[in-house]
Amino acid sequence: MTSGDRQRPRGGAVNVTRLAAMKRDGEPIACLTAYDYGFAAACERAGVDLLLVGDSLGMVVQGHETTLPVTVEEVIYHTRCVARACRRSLVVADMPFMSHPDAESGLASAGRLVKEGGAQMVKLEGGAEQAALVSRLSANGIPVCAHLGLRPQQVHKLGGYRVQGRAEAEAEAMAADARALEEAGADLLILECVPAALARRLAGALAIPVIGIGAGSGCDGQILVLHDVLGVTPQPPRFARAFGREAAGVEPALAAYVEAVKARSFPGEQHGFQA
Ligand SMILES: Nc1nc(=O)c2c([nH]1)NC[C@@H]1CN(c3ccc(C(=O)N[C@@H](CCC(=O)O)C(=O)O)cc3)CN21
Ligand SMILES: CC(C)C(=O)C(=O)O
Ligand SMILES: [Mg+2]
């Protein structure tokens, strides 16, 4: 039930203040997903700033075709495993599909991810319609990472995993959603699979850091799925780079990813989408 000393803030650790300072100072924020203790520890040693216990675990760990079957209980379990490895990296837990059909149930689910999992922030997919939940979480001391663009929990509504925000009206709606989420108290925003120019514009317009995945080089940081970086995903998304196929081992691969993000040499043109 408890996650022990994981709840205590530590000097030098990444937190929301540090993330805001990194945006202000122009230091790219290097993020990865993690699902277990061993790989989280390797990511931590490689200098990854933020570890997301993504509901992508349904696909890369459990072998499902979508993220939809993942439960709060499962995210708690993986978050506890990851949190035990983290001293410096910020631990973020994904709110799974149907864990927040309304603000009250969302607050309860997020509270469990923090209290039982040891998460320091929760992430949730969605736009302005989630603003009420975001402000409830904020008011209760739970930092929030919002998630716009491709939202894998909408896969059945979208009819597949594809680029979002190419049409002018879609781009404007995304910008309005981003503003609403920031105003509601979101501390961070992930943009997934959006044209590079739109992501660059949003990162410039928002006060909070914007982390991209398939969103070009104009974001304040980058995130990828760990398995894609290690090169163990048979058919990874085009925006991923398999550092593990270029490096001699797991630790050099993770270090190369962090170095490439910090040097802004990843993502390249070939890892992004144009309008
Ligand atoms: N291994 C893995 N990596 C991910 O990044 C990831 C997951 N799983 N599971 C959850 C979601 C699903 N994601 C995906 C999956 C596939 C594409 C994909 O195939 N995209 C096409 C572009 C399609 C288009 O042009 O509109 C591509 O070529 O990459 C994108 C995001 C991102 N997330
Ligand atoms: C790809 C990231 C952003 C995610 O939501 C996940 O891993 O579940
Ligand atoms: Mg997710």
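- Under an unreviewed UniProt entry, the protein chain has the name 3-methyl-2-oxobutanoate hydroxymethyltransferase and belongs to Halorhodospira neutriphila.
- In the Sequence similarities (unreviewed entry) part of its UniProt record, the protein chain is described as follows: "Belongs to the PanB family."
- Comment text from UniProt for the protein chain, heading Pathway (unreviewed entry), reads "Cofactor biosynthesis; (R)-pantothenate biosynthesis; (R)-pantoate from 3-methyl-2-oxobutanoate: step 1/2."

Observations concerning the site of ligand 1
Then, number 1: Within the structure, ligand 1 sits among 18 residues, and Arg162, Val163, Glu192, Asp228 and Arg238 are positioned closest to it.
Then, number 2: The backbone of Val163 places a nitrogen or oxygen atom 3.0 Å from an oxygen atom of ligand 1.
Then, number 3: One of the side-chain N or O atoms of Asp228 is found 2.6 Å from a nitrogen atom in ligand 1.
Then, number 4: Against a free-state accessible area of 680 Å², the protein chains account for coverage of 76% of ligand 1.
Then, number 5: A class-by-class count of the residues in the shell around ligand 1 yields twelve nonpolar, two polar and four charged.

Quick word on helix α6 (residues 131–139)
Then, number 1: By the burial criterion, the buried members of α6 are Ala131, Leu133, Val134 and Leu137. Down the axis of α6, the buried side of the element spans an arc of 160 degrees, and every buried residue falls inside it.
Then, number 2: Turning to α6, the residues buried within the fold contact α5 (103–115), β4 (121–125), β5 (144–149) and α8 (168–184).

Focus: the sheet that holds β5
Adjacent strands of a sheet pair through backbone hydrogen bonds, lying either parallel or antiparallel.
Then, number 1: Pairing is parallel in the closed barrel, where eight strands are placed in the order β1-β2-β3-β4-β5-β6-β7-β8. Across the sheet, the axes of successive neighbouring strands diverge by a mean angle of 25 degrees, strand direction being ignored.
Then, number 2: Here four bridges tie strand β1 (residues 29–33) to strand β8 (residues 221–224), and the two strands are oriented parallel to one another. In the strand pairing of β8, Ile29 is matched with Gly221.
Then, number 3: Here α8 sits on the sheet in contact with β5 and β6 (188–192), set at roughly 175 degrees to β5.

Some points on the site of ligand 2
Then, number 1: In the vicinity of ligand 2, the contacting residues are Thr33, Leu52, Gly54, Asp55, Ser56, Asp94, Lys123, His147 and Ile213.
Then, number 2: Contact distances for ligand 2 include 3.0 Å between an oxygen atom and a side-chain N or O atom of Asp94.
Then, number 3: Lys123 is positioned such that a nitrogen or oxygen atom in its side chain is 2.9 Å from an oxygen atom of ligand 2.
Then, number 4: In isolation ligand 2 offers 260 Å² of accessible surface; the protein chains occlude 95% of this area.

Here's the deal with unusual backbone geometry
Then, number 1: For the bond from Phe266 to Pro267, the omega torsion is 0 degrees, close enough to zero to count as cis.
Then, number 2: For Pro267, the location among the structural elements is in the segment after α11 (250–262).
Then, number 3: Phi is positive for Met98, which is not a glycine, with a value near 65 degrees.
Then, number 4: Structurally, Met98 is set in the loop between β3 (90–94) and α5.
Then, number 5: A relative accessible area of 59% means that Met98 is categorised as exposed.
Then, number 6: Positive phi outside glycine occurs at Cys193, with the angle close to 55 degrees.
Then, number 7: Within the fold, Cys193 resides in the loop between β6 and α9 (196–205).
Then, number 8: Of the residues examined, Cys193 reaches a relative accessible area of 5% and is grouped as buried.

Rules and cut-offs
- Residues numbered from 1 in each chain as written.
- Chains lettered and ligands numbered in written order.
- Predicted model: local features only at pLDDT ≥ 70, side-chain atom pairs only at ≥ 80, totals over all residues.
- Heavy atoms only, no water.
- UniProt positions renumbered as here; feature names shortened; annotations may be inferred.
- Near = heavy atom within 4 Å.
- Polar contact = N/O pair within 3.5 Å; in protein donor to acceptor, adjacent residues only side chain to side chain.
- Areas by Shrake-Rupley, 256 points an atom, 1.4 Å probe, with all protein chains shown as cover.
- Nonpolar A, V, L, I, M, F, W, Y, C, P; charged D, E, K, R; others polar.
- Buried < 20%, exposed > 50% of the residue type's maximum accessible area, 1.4 Å probe, protein only.
- Helix = DSSP H or I, 4+ residues; strand = E, 2+ residues; numbered from the N terminus.
- Arc of directions from axis to C-beta.
- Contact = heavy atoms within 4.5 Å.
- Pairing = 2+ DSSP bridges.
- Axes fitted to C-alpha atoms, helices over the stretch in contact; angles between N-to-C directions.

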